[in-house]
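# Survey of secondary and tertiary structure
Here is how the chains run, residue by residue.
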Amino acid sequence: MAETSQVDERIKDISPLRRALIRPELGGIVGTVAVFTLFLLFAFDSGMFNTQGVMNWSTVSAQFMIIAVGACLLMIAGEFDLSVGSMIGFAGMMIAVFGVVLAWPMWMAIIITFVICTALGALNGWIVVRTGLPSFIVTLAFLFILRGFTIYIPQTVENKTIIGGIRDAAEGDWLAWLFGGKIAQPVFHWLGDMGIIAVFERGSRTGEPVVDGIPMLIVWAIALVIFGHILLTRTRFGNWIFAAGGDADAARNSGVPVNRVKILMFMFTAFCATVLAVCQVMEFGSAGADRGLLKEFEAIIAVVIGGALLTGGYGSVIGAALGALIFGVVQQGLFFAGVESSLFRVFLGVILLFAVILNTYIRRIITGER
Amino acid sequence: MGDPIIRMKDIEKHFGSVIALAGVSVDVHAGECHCLLGDNGAGKSTFIKTMSGVHKPTKGEIIFEGQPLDFADPRDAIAAGIATVHQHLAMIPLMSVSRNFFMGNEPMKKRFGISFFDHDYANEVTMREMKQMGINLRGPDQAVGTLSGGERQTVAIARAVHFGAKVLILDEPTSALGVRQTANVLATVDKVRKQGIAVVFITHNVRHAMAVGDRFTVLNRGKTFGTANKGEITPEELQDMMAGGQELATLEGSLGGTV
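Residues numbered from 1 in each chain as written. Chains lettered and ligands numbered in written order. Predicted model: local features only at pLDDT ≥ 70, side-chain atom pairs only at ≥ 80, totals over all residues.

## Some points on the overall build of chain A
As a reminder of what qualifies: Helical segments are the DSSP runs of H or I of at least four residues, strand segments are the runs of E of at least two, and each set is numbered from the N terminus. Based on C-alpha atoms, the radius of gyration is set beside the globule rule, defined as 2.2 Å times the residue count to the power 0.38. We call a residue exposed when 12 or fewer other C-beta atoms sit within 10 Å of its C-beta, buried when the count reaches 20 or more, and partly exposed for counts in between; the C-beta positions come from the backbone. We call two residues in contact whenever the C-beta atoms placed from their backbones are within 7 Å.
Of the regular secondary structure elements, chain A holds 16 helices and four strands. A compact globule built from 370 residues would reach a C-alpha radius of gyration of about 21 Å, and chain A, at 22 Å, matches this within 12%. In terms of overall dimensions, chain A has a C-alpha envelope of 75 × 50 × 40 Å along the principal axes. Residues classed as buried in chain A amount to 49% of the 370 residues present. For chain A, restricting intrachain contacts to residue pairs at least 6 apart in sequence, the fraction spanning at least 24 positions comes to 78%.

This is how it looks when you write it as structure tokens:
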């Protein structure tokens, strides 16, 4: 390219550093390296980096990752969803109501829950594009509506706010395994037999590895990140997501179906929240009315740390995934390092502020604004 | 001259009790630049929106390539080859030039039965088209936000031409630009016209119109005030027609001939 076009004297060569700054993932990469360096230095002996430790923060990170992928694509499409946390609680409660209270087969309970929750996502999106109201307000309303139902329904049908018995109801169900099961168990057993990873030394499970497989939660997180990344960067629909968030009117003028893109992204966000909810109820064996509290903000923070602009039109799924990883590692790392866990919130606030300031600066570089 | 590629006959457009267009007739030939002039409120915007399928005319006929036309929405017009380049709402600053260029017309390639955005093809075409229009990009991934206003207009025009526009409607492409950028856009218009595309150039700047126009139609209060060929009219006469003659003459007197 350089040899064919003559050089315009007004186009300055940009330094590799500046070029790297324009990549949305930069903040996430720097943050991840910093966080790992810090904990490797100060908490290496705490058990954080043995098999159980790694599985511990990987699981927590994967939880953040699943909802961050949805929030990321939605934010790039120019909208927010504040009802993610309530959706997690609501979806879990639906599983319990259908699968335990009504005693439907678990696969049916899961499928119906997915249908209801993505339909609610579509309703969110439809109201936003129809009324032109900020998604902030519309989804704030759904934050309360869904949370209210999540508390009301179990109290009405069971007189309590937690419904248990899900693990028994899901026993042997093929679809439930997809959310609550584990993979690669033979590998972990082999590693245990070889003495590479820790095994139980006492009790009924003596000889079995302490970590006996990779939870499906982590598989879902990785699959969703890969799906989201390819969708955003390598497909026509991805181009439409950027366009819808960058400038909805310009996108419409070029024939991009902006409303459809936005509604589909609201549905995808609801889908991600439901995935996390189902994984959670399968893991805990119960659905609680307070599940998912504040998750919407944690998802948004992970996305912003990952380099997405709050105003839409710019961001990266890989960045959001790294933001979620930073989250999980710090939250669990502070625990391993014996630091008071309330300081995690202080850390969140500080890093959020830094990320937003950095993103604003990067935006100026990209668009040449001053 | 042969038959015009598009002919608008006695177009009327009413919005409720407001008559925005009260019988406008314009025809445009392939390879000519037809300038549409008029002061604010003359009905220029309504007229081009009728031409590009946004509004349906209340009365009147649109004949495109010899056939009467009936567009349901702007996409029909784009598919038929009538492209509009809007002053502001054309490009997305945060997206790369190549993503913008193919926005809504993404090239696809199949891999494992799934359609993917063909970035290699998009980048190659973007670089080639930009070079032809005289814009030197750092790379196809350069964000549109780093381009000047004139360059953005040029990208938008190049995009419309690349996707097979036969009639190109330019809505005040020079109104927000500096002298140098305006010259670049006018040069682009000239290039496009020479490729045999009919250009409808909307402006209220007489000098910009005179620089590239082959014919000039002045709109005033929703009516065609008259059409003149290049060389048959002076800038002063055009200016007078736009402002409704009389009143401007009086104004001009009090301003000492500066308008």
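## Describing the pairing of strand 3 (residues 33–37) of chain B
Residue and element names in this part refer to chain B. Basically, it comes down to this: For two strands to pair, DSSP has to find at least two bridges joining them.
With respect to burial, strand 3 is a largely interior element, five of its five residues being buried. The sheet contact formed by strand 3 and strand 10 (residues 198–203) spans five bridges and is parallel. Its bridge partner lying in strand 10, Leu 37 is registered against Thr 203. Both strand 3 and strand 11 (residues 215–220) contribute to a ladder of four bridges, which runs parallel. Its bridge partner lying in strand 11, His 34 is registered against Arg 215.

## Describing the packing of helix 2 (residues 26–42) of chain A against helix 15 (residues 317–336) of chain A
Any two packed helices are characterised by how steeply their axes cross, that is the angle between the axes, and by the distance between the axes. All names here are of chain A. Under the convention used in this document: What counts as an axis is a line fitted to C-alpha atoms, over the stretch in contact for a helix, and the angles between N-to-C directions run from 0 to 180 degrees. Working definition: roughly parallel below 35 degrees, roughly antiparallel above 145 degrees, roughly perpendicular at 65 to 115 degrees, and oblique for all remaining angles. Crossings are assigned a handedness: left-handed for a near helix turned anticlockwise from the far helix by less than a right angle, right-handed for a clockwise turn. All amino acids are sorted into three groups, where Ala, Val, Leu, Ile, Met, Phe, Trp, Tyr, Cys and Pro are nonpolar, Asp, Glu, Lys and Arg are charged, and the leftover types, Gly among them, are polar.
Two elements in contact, helix 2 and helix 15, have axes whose closest approach is 8 Å; the angle formed by their N-to-C orientations is 20 degrees. By the angle class used here, helix 2 and helix 15 are roughly parallel. Viewed along their axes, helix 2 and helix 15 form a crossing whose handedness is left-handed. Contact with helix 2, carried on its side by Gly 27, Gly 28, Ile 29, Gly 31, Thr 32, Val 35, Phe 36 and Phe 39, involves Gly 319, Leu 322, Gly 323, Leu 325, Ile 326, Val 329, Val 330 and Gly 333 of helix 15 and no other residues of that element. The class makeup of the residues in the contact of helix 2 with helix 15 is nine nonpolar, seven polar and no charged.

## Here we look at the interface of chain A and chain B
Interface size is commonly expressed as the accessible surface area that is lost when the partners come together. In this assembly, 26 residues from chain A lie in contact with 26 residues from chain B. Elements with a contribution of two residues or more to the side of chain A that touches chain B: helix 11 (236–246), helix 12 (248–253) and helix 16 (343–367) of chain A. Its residues assigned to classes, the side of chain A that touches chain B shows nine nonpolar, 12 polar and five charged.

## Some remarks on unusual backbone geometry
You will see that A:Ala103, though not glycine, has its phi angle at about 55 degrees, which is positive. Among the structural elements, A:Ala103 can be located in the loop between helix 4 (84–101) and helix 5 (106–131). The phi torsion at B:Phe112 lies on the positive side, around 55 degrees, for a residue other than glycine. With respect to the helices, strands and loops of the structure, B:Phe112 is situated in the loop between strand 7 (108–111) and strand 8 (114–117).

## A word on the domain arrangement of chain B
Residue and element names in this part refer to chain B. The condition is simple: Each domain's extent was defined by an automatic or database domain assignment.
Partitioning chain B into domains gives domain 1 (15–91 + 149–255) and domain 2 (93–146). Relative to domain 2, the C-alpha centre of domain 1 lies at a distance of 28 Å. Counting residues at the interface gives 10 residues for domain 1 and 10 residues for domain 2. For the side of domain 1 that touches domain 2, the element with the most residues is helix 5 (residues 149–162), which contributes seven residues. Of the residues contributing to the side of domain 1 that touches domain 2, the split by class is four nonpolar, three polar and three charged.

## As for helix 16 of chain A
So the rule is basically this: Multiply 1.5 Å by the residue count of a helix minus one, and that product is the helix's expected span.
Helix length check: helix 16 of chain A, at 25 residues, gives a terminal C-alpha distance of 37 Å against a target of 36 Å (1.5 Å per residue), a fit within 8%. All buried positions along helix 16 of chain A are accounted for by A:Ile351, A:Ala355, A:Asn359, A:Ile362 and A:Ile366.

## Some points on the nonpolar core
Applied cut-off: Nonpolar core, as used here: buried Ala, Val, Leu, Ile, Met, Phe, Trp, Tyr and Cys residues forming one set through C-beta atoms within 7 Å.
Residues A:Ala68 and B:Leu168 are the most contacted members of the largest nonpolar core, which totals 189 residues. The dominant element in this core, judged by the number of residues it contributes, is helix 13 (residues 258–284) of chain A, at 18 residues. Here this core spans two domains, and each of domain 1 (15–91 + 149–255) and domain 2 (93–146) of chain B adds at least three residues to it. If we skip the residues at most four places from it in the chain, B:Leu168 touches B:Ala83, B:Val85, B:Ile157, B:Ala160, B:Val192, B:Ile197 and B:Val199.

## Examining the packing of helix 10 (residues 216–234) of chain A against helix 13 of chain A
Residues and elements named next belong to chain A. Contact pair helix 10 / helix 13: the axes reach a minimum separation of 10 Å and the direction vectors enclose 165 degrees. Classified by the angle between their axes, helix 10 and helix 13 sit roughly antiparallel to one another. In terms of crossing hand, the pair formed by helix 10 and helix 13 is left-handed. Between helix 10 and helix 13, the contacting residues are Met 216, Leu 217, Trp 220 and Leu 224 on the first element and Cys 272, Val 275 and Cys 279 on the second. Of the residues that constitute the contact of helix 10 with helix 13, the class distribution is seven nonpolar, no polar and no charged.

## Overview of the confidence of the model for chain B
Residues and elements named next belong to chain B. Stated precisely, the cut-off is as follows: As a per-residue measure, pLDDT tells how confident the predictor is, with possible values from 0 to 100.
In this model, chain B carries a mean pLDDT of 83, and residues with pLDDT of at least 70 account for 93%. Averaged over each element, pLDDT in chain B is lowest for helix 9 (residues 246–255) (58) and highest for helix 3 (residues 97–101) (92). What the predictor reports for the complex is a pTM of 0.87 with an ipTM of 0.83.

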